Amino acid sequence: MNKGTQYITPSDVIQYLYCPRFIYFMHVLNIDQHEHRRYLVNKGRDMHVLKLVRNKDYLRKKIGVIDKLSDVYLSSDTNCLVGKMDEVLFLEDGSAAPLDYKYAFWDDRVHKTHIYQQCLYCILIEENFDVASHKAFIVYIRSKNHLETLSIGEKLKKNAMRMVDEIFNIINLGLFPDVKINLRKCEDCTYRNICVT
Ligand code: SF4
């Protein structure tokens, strides 16, 4: 895999999961899109709410937290990944886990995009802190701070890294991806006027 000098963020993987062609339009043709801006606006709101709900000194002892870091920016030169997580929790079993606050309701399922986002955070934590990271936590602010625990296994990590490889292939080789996509997604898509579907 030729990764070049570019770094991939979890939000790139979220875009890829929606449609791999987003990567082509955003990173090969450099055409921005409204969804991306909307994501940034939502993230801004998340950060505002985060300041209100979070106690930086509070350790969640019920889930085995013995220490934590807040607002952690991590990068991996090996995997060409970067990511910023709300908290990194150090657990009593010697492992560590990311914790993210979402300005969202808990609706009895964790979205696939959030699972892969947390999975990439676990990969970053393992590389930067040299500890195992096989779980992640999400706090759903709009459901009374419901705390959900995610299990992050090796298979999921492999899938996430396969996606990162595919993203680099699109960027470095300038490949226009073949996609099989639900046409309803295309109807809502910013790129529908320039995309050959
Ligand atoms: S129009 Fe459809 S295929 Fe093209 S980028 Fe958008 S979602 Fe993907």
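Nothing here was measured: the structure is a model prediction, and the numbers come from that model. (Residues numbered from 1 in each chain as written. Predicted model: local features only at pLDDT ≥ 70, side-chain atom pairs only at ≥ 80, totals over all residues.)

Draft legend 1. The overall build of the chain, seen in detail. When helices and strands are counted, the chain shows six helices and five strands. Across the chain, helices and strands are ordered from the amino to the carboxyl terminus as α-α-α-β-β-β-α-β-β-α-α. Partitioning the intrachain contacts of the chain with sequence separation of at least 6 by distance along the chain shows that 67% fall at a separation of at least 24. (Helix = DSSP H or I, 4+ residues; strand = E, 2+ residues; numbered from the N terminus. Contact = placed C-beta atoms within 7 Å.)

Draft legend 2. Seen up close, the site of the ligand. Contacts to the ligand come from 12 residues, most closely from C19, R21, C186, C189 and C195. Secondary-structure elements contributing two or more residues to the shell around the ligand are α2 (21–28) and α6 (183–187). (Near = placed C-beta within 6 Å.)

Draft legend 3. How the structure looks around the packing of helix α4 (residues 112–129) against helix α5 (residues 154–173). Running from N to C, α4 and α5 cross one another at 95°; their axes reach a closest spacing of 9 Å. As judged from the angle between their axes, α4 and α5 are roughly perpendicular. The residues of α5 that touch α4, namely those facing Y116, C119, L120, C122 and I123, are L156, K157 and A160. Here the residues of the contact of α4 with α5 sort into seven nonpolar, no polar and one charged. (Axes fitted to C-alpha atoms, helices over the stretch in contact; angles between N-to-C directions. Parallel < 35°, antiparallel > 145°, perpendicular 65-115°, else oblique. Nonpolar A, V, L, I, M, F, W, Y, C, P; charged D, E, K, R; others polar.)

Draft legend 4. Examining the sheet that holds strand β1 (residues 65–76) more closely. Taken together, the five strands give an open sheet; going across it, the order is β1-β2-β3-β4-β5, and neighbouring strands pair in mixed fashion. Where the open sheet ends on each side, the last strands, each with one partner, are β1 and β5 (146–151). Adjacent strand axes in the sheet meet at a mean angle of 30° when their direction is disregarded. Across 10 bridges, β1 lies against strand β2 (residues 81–91) in antiparallel orientation. Its bridge partner being in β2, L69 is matched across the sheet by V88. (Pairing = 2+ DSSP bridges.)

Draft legend 5. Representation of unusual backbone geometry. With a phi close to 55°, K144 is a non-glycine residue in the positive phi region. You can see K144 is positioned in the loop between β4 (135–140) and β5. Here N145, not a glycine, exhibits a phi torsion of approximately 60°, which is positive. On the secondary structure map, N145 appears in the loop between β4 and β5. By C-beta crowding, N145 is classed as exposed, having 12 other C-beta atoms within 10 Å. (Buried ≥ 20, exposed ≤ 12 C-beta atoms within 10 Å, placed from the backbone.)

Keep in mind that these numbers describe shape and distance, not what the molecule does.
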